[in-house]
Structure formats: structure tokens, C-alpha cells
Amino acid sequence: MQYIARKLDLTKLLSSKSLFLFGPRQTGKSSFIKNQVAREDIALFWTLLDGRLRLKVIADPGLLRQEVEQRKLHDCVIVIDEIQKCPELLDEVHFLIEERGIRFLLTGSSARKLKDTGVNLLGGRAWQRHFHPLCFPEVGGSEDYTLPFIFEHGLLPSMFLSQDVEEDLAAYVDSYLTEEIAAEGAARNIPAFARFLNTAALTNAQLVNYTNIANDAQLPVQTVRQWYDVLTDTLLGYQVGPFSKTEKRKAVSSSKFYFFDIAIARALRNIPAPALGTAEAGEYFEQLVCMELTAWIDYERPRSKLTFWRSKSGLEVDFCVDTVLAVEVKLSSSISDKQLKGLRALREEGIFRHYVVVCQEEHPRAVDGMEILPWKYFFERLWAGDYLS
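Residues numbered from 1 in each chain as written. Predicted model: local features only at pLDDT ≥ 70, side-chain atom pairs only at ≥ 80, totals over all residues. Heavy atoms only, no water.

Let us look at the overall build of the protein. Looking only at helices and strands, one finds 16 helices and 13 strands in the protein. Counting every position in the protein, which comprises 389 residues, the buried fraction comes to 54%. For the protein, contacts bridging at least 24 residues in sequence account for 70% of all contacts bridging at least 6. Of the roughly 17,400 Å² of accessible surface on the protein, 45% is carried by carbon and sulfur atoms. (Helix = DSSP H or I, 4+ residues; strand = E, 2+ residues; numbered from the N terminus. Buried < 20%, exposed > 50% of the residue type's maximum accessible area, 1.4 Å probe, protein only. Contact = heavy atoms within 4.5 Å. Areas by Shrake-Rupley, 256 points an atom, 1.4 Å probe, with all protein chains shown as cover.)

Looking now at the environment of serine 255. In this fold, serine 255 is placed in the loop between strand S6 (237–242) and strand S7 (256–259). Put simply, serine 255 and leucine 147 are 108 residues apart on the chain and 26 Å apart in space, counted from C-alpha to C-alpha.

It is worth spelling out the packing of aromatic side chains at this point. Summed over all chains, the structure comprises 22 aromatic pairs. Seen from their ring centres, phenylalanine 149 and phenylalanine 160 are 5.2 Å apart, and the 80 degrees between their planes marks the pair as edge-to-face. In this pair, phenylalanine 149 sits in helix H7 (residues 147–153) while phenylalanine 160 sits in helix H8 (residues 157–160), placing the two residues 11 residues apart along the sequence. Pairwise contacts between aromatic rings join Phe136, Tyr145, Phe285, Trp375, Phe378, Phe379 and Tyr387 into one cluster. The ring of phenylalanine 308 carries the charged tip of lysine 256 above its face, separated from the ring centre by 5.1 Å. (Phe/Tyr/Trp six-rings, centres within 6.5 Å; stacked < 30°, edge-to-face > 60°. Lys NZ or Arg CZ within 6 Å of the ring centre and 35° of its normal.)

Another point: the sheet that holds strand S9 (residues 316–321). Pairing is mixed across the open sheet formed by 8 strands, whose spatial order is S7-S6-S8-S9-S10-S11-S13-S12. The open sheet is flanked by S7 and strand S12 (365–367), the only strands paired with a single partner. Adjacent strand axes in the sheet meet at a mean angle of 30 degrees when their direction is disregarded. Where strand S8 (residues 306–310) lies against S9, 4 bridges are found, and the strand directions are antiparallel. Across the sheet, residue arginine 310 finds its bridge partner in S9, namely glutamate 316. (Pairing = 2+ DSSP bridges. Axes fitted to C-alpha atoms, helices over the stretch in contact; angles between N-to-C directions.)

Here we take up the pairing of S7. Along any regular strand, the residues point their side chains to alternate faces of the sheet. Side chains of S7 alternate between two faces, with Lys256 and Tyr258 and Phe257 and Phe259 buried alike. One ladder, built from 4 bridges, connects S6 with S7; its direction is antiparallel. Within the sheet, the bridge partner assigned to glutamine 239 lies in S7 and is phenylalanine 257.

Here the focus is the side chain of lysine 29. Checked against the element boundaries, lysine 29 lands in helix H2 (residues 29–36). Of the buried charged residues, lysine 29 lacks a salt bridge, with glutamate 82 as the closest side chain of opposite charge at 4.6 Å. Those residues within four positions of lysine 29 in sequence are excluded, and the remaining contacts are Leu21, Phe22, Gly23, Pro24, Thr107, Gly108, Ser109 and Phe131. (Lys, Arg positive; Asp, Glu negative; His and termini not counted. Salt bridge = Lys/Arg side-chain N within 4 Å of Asp/Glu carboxyl O.)

Along the chain, isoleucine 262 turns up in helix H13 (residues 262–269). A residue is classified by how much of its surface remains accessible, and isoleucine 262, at 0% relative accessible area, is buried. Along the backbone, isoleucine 262 and aspartate 144 are 118 residues apart, and their C-alpha atoms lie at a distance of 15 Å. Residues contacting isoleucine 262, with those up to four places away along its chain left out, are Ile150, Phe151, Tyr284, Gln287, Leu288 and Met291.

Further remarks concern unusual backbone geometry. The phi dihedral of glutamine 26 falls on the positive side, at around 70 degrees, and the residue is not glycine. Its location among the elements puts glutamine 26 in the loop between strand S1 (18–22) and H2. Of note, the phi angle at aspartate 75 is positive, near 45 degrees, even though the residue is not glycine. Considering the arrangement of structural elements, one finds aspartate 75 in the loop between helix H4 (63–71) and strand S3 (77–81).

On the basis of which strands lie adjacent, the open sheet formed by 5 strands has the order S2-S3-S4-S1-S5 and parallel pairing. Pairing within the sheet leaves two strands with one partner each, and these edge strands are strand S2 (42–47) and strand S5 (126–130). Geometrically, the sheet is characterised by an average inter-axis angle of 15 degrees between neighbouring strands, direction not taken into account. Bridge count for S3 against strand S4 (residues 103–108) is 4 bridges, and the pairing is parallel. Across the sheet, valine 79 pairs through a bridge with leucine 105, a residue of S4.

Let's shift gears to the pairing of S4. In terms of burial, S4 is largely enclosed, as 6 of its 6 residues are buried. Across the two faces of S4 the burial is the same, with Arg103, Leu105 and Thr107 and Phe104, Leu106 and Gly108 all buried. Chirality of the crossover, the property in question, places the unit of S3, helix H5 (residues 89–100) and S4 among those that are right-handed. (Right-handed = clockwise from strand over helix to strand, strands pointing away.)

A few words on the packing of H13 against helix H14 (residues 279–300). When two helices pack together, their arrangement is given by the angle between their axes and by how far apart the axes lie. Following both chains from N to C, one finds H13 and H14 inclined at 145 degrees, their axes separated by 10 Å at the closest point. Side by side, H13 and H14 meet where Ile262, Ala265, Arg266 and Arg269 of the first sit next to Glu280, Glu283, Tyr284, Gln287, Leu288 and Met291 of the second. Looking at side-chain class alone, the contact of H13 with H14 contains 5 nonpolar, 1 polar and 4 charged residues. (Nonpolar A, V, L, I, M, F, W, Y, C, P; charged D, E, K, R; others polar.)

Below is the structure:
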């Protein structure tokens, strides 16, 4: 399969410190590592997808130290793929970082088992990065990088390049249900979890109302809360919390939930790619901007926080990055004054440096200190660093 060069600079990150690299299945972590880190620079590569190796290491995590000592390795890079399958290895990793100056690249498609079983043992000895579906610097120049194509294929590399995307999406969703969730032991009732996923996908990009979702999925509220945690821990989605520092208008306290990829959210609902102008297209356009901002934050300014603002009276701005950037997303190709109402209200608070409407207008313009930008132009400026301060 064609390899698409990725934005994250892995070599630079590993030059001075160990790294946890978390990302959902099929975001391309393995291909990325093989293309970013020269084989001669990797002293040892363990993949815990290898069942025989995994069983040996679970039985005796000290095998890692024994192999390192036998090879007399020090001040080098060791890769352990799918580290969440044997969290006990983190004690050995901790020791080898301290005693031999080894830098570890620890990848995983789930943070669930690491939460309570060792990830904190590394303290400040390892950075963390999330690996995302494809973003604008990686595929923005492709002729396929259009809204209809993205709504159909999403931005997972395997789906973006797929010749039969509906079949591949169905297989992805099915394998996640039958393999990942079962392996995590988080949802033993797979049919009930499938109902929950479908309901959660229907409320993608909306405020999370656990009671309503529980009623629709015919599940206890506590179970729904736990399963949203499963989605977050297995990196299939993330919650965007509320921005609450406004003084003139009181903000809501609920969070919004987004699946990590447009096409996966669509496949969970079992619907075709929406036509431009439909409500679903507006939802997925908002999700696309959310995905881009999330990737940009993780890759370029990892200490930043993505939030949204909604007043008790219903005024809303879709995304906020720290107090630097406020972004309203509209699928419209002609922005009216009415569509600026939420952003204008937030601007009255005088909190943010930049106020932007991302839309389908053909040319950038400004109105009362608010920028109205074509979506690709906004992505280009975002990654160029225009909103870093």
C-alpha cells in the first residue's frame, strides 16, 4: 500500500527522551515507525501482537532486561509495539531508562490497561503523543482531499486509499467489536455495546446526555458512562469540554463527544456519505475541523487544550484553543451576519486573540475583527503557525 508521509517528527522526539505513541488501529503507527526511524537505529523491536512473544513476556517480564544485557545495549532506541498488552513490562522499561540510558518508543492502540498498571511509573521520563488519522499537511495537496471524498472515506490511511471503502469500513467496525472490546474485557455483552455505539454515533458532535443515550440504547446510565470511558481509553473518540471563563454569559458545563474519524462514525450509523447541504454533512464538517485542530494541538502545541463554548441561552462557538483561538464552523458558502451571532457574543468578552469562521466561501475576508476563511485556507494557516500566539 502507498505510504503517505506523516507530520509528526518522531526522530526529533526520540533524540532525547522515551515516547508513548498512542493511536487507534489503522492510523498507520507501524508504517510510520518503519519510515521515520532507520532500521539500524532500532536496537530491538518487539511487537506484542506476536502471541508467542506475548505469552513469554507476560510470564516473565524480565526477559526484556535479560535480552538487553545479553546484547550489551545502552543509549539506543528500543521499540515495543502494543505495550498495553503487557503493562508489567513498564517496570523493566523504567529500570532500563534509568540504568542504561535507553530511549523507548512504546506504541499502543489503547490506554485502558495502562491507566492503573504502570504508566505513571515512568513519570517525566517519557513524553506522550497521540497519532491521528491523516491531516492537512499530509494529504491537503491530494486531488481526493475534498469534502465529499472525506465524508465517504474518512482519513484513516487504509480507508483514504481504499478501493472498496464500504467493505473495509464494515470490516473495521466488526473487528473492533469482536476483537478490541472483547480483548479489553470492557464490554462482555457485545450486542448491547453495538447498540450503544450506534446511539453514540447518532449523537456525534453533540452535547453528551447520558440519560437520553441510556434510554435510547436501553441500557443503565452507569453502563453508558463506563462505555464512553471505553471509547476514550481505546482512542475511538474524545470528549471536548466546555470553555467556562466567560463573565457576561454563563456557560454550560456538559461536554461534547466526537468519534476519532468521520467515516467510522458514519459506518457505525450504517448510512451513506451525506450530500453537501444536509444536516449530516454539517455535522461531519464540524468533525473534520475538530480532527484537524486535535491533530494540530497534539503535534504542534501538546500542552494546549481544545474546548467549546455554549451559553445557557444557546449561543455557541464550536471550538476554542486555550485563549488564543475561537473557531465557528459553518458549511455555508456564504456567511450571513446571523451566522456570526455566537462568535460575536464571545468576542464581546475580549478573551481570545483570534476569532475565525471556517466555511466554504471561496475567498478569505474579515468582518468586525472576525476572519471568515475557506476551510483549506484555514488549515494551511493553522499549520503554518499563524495561530501559535
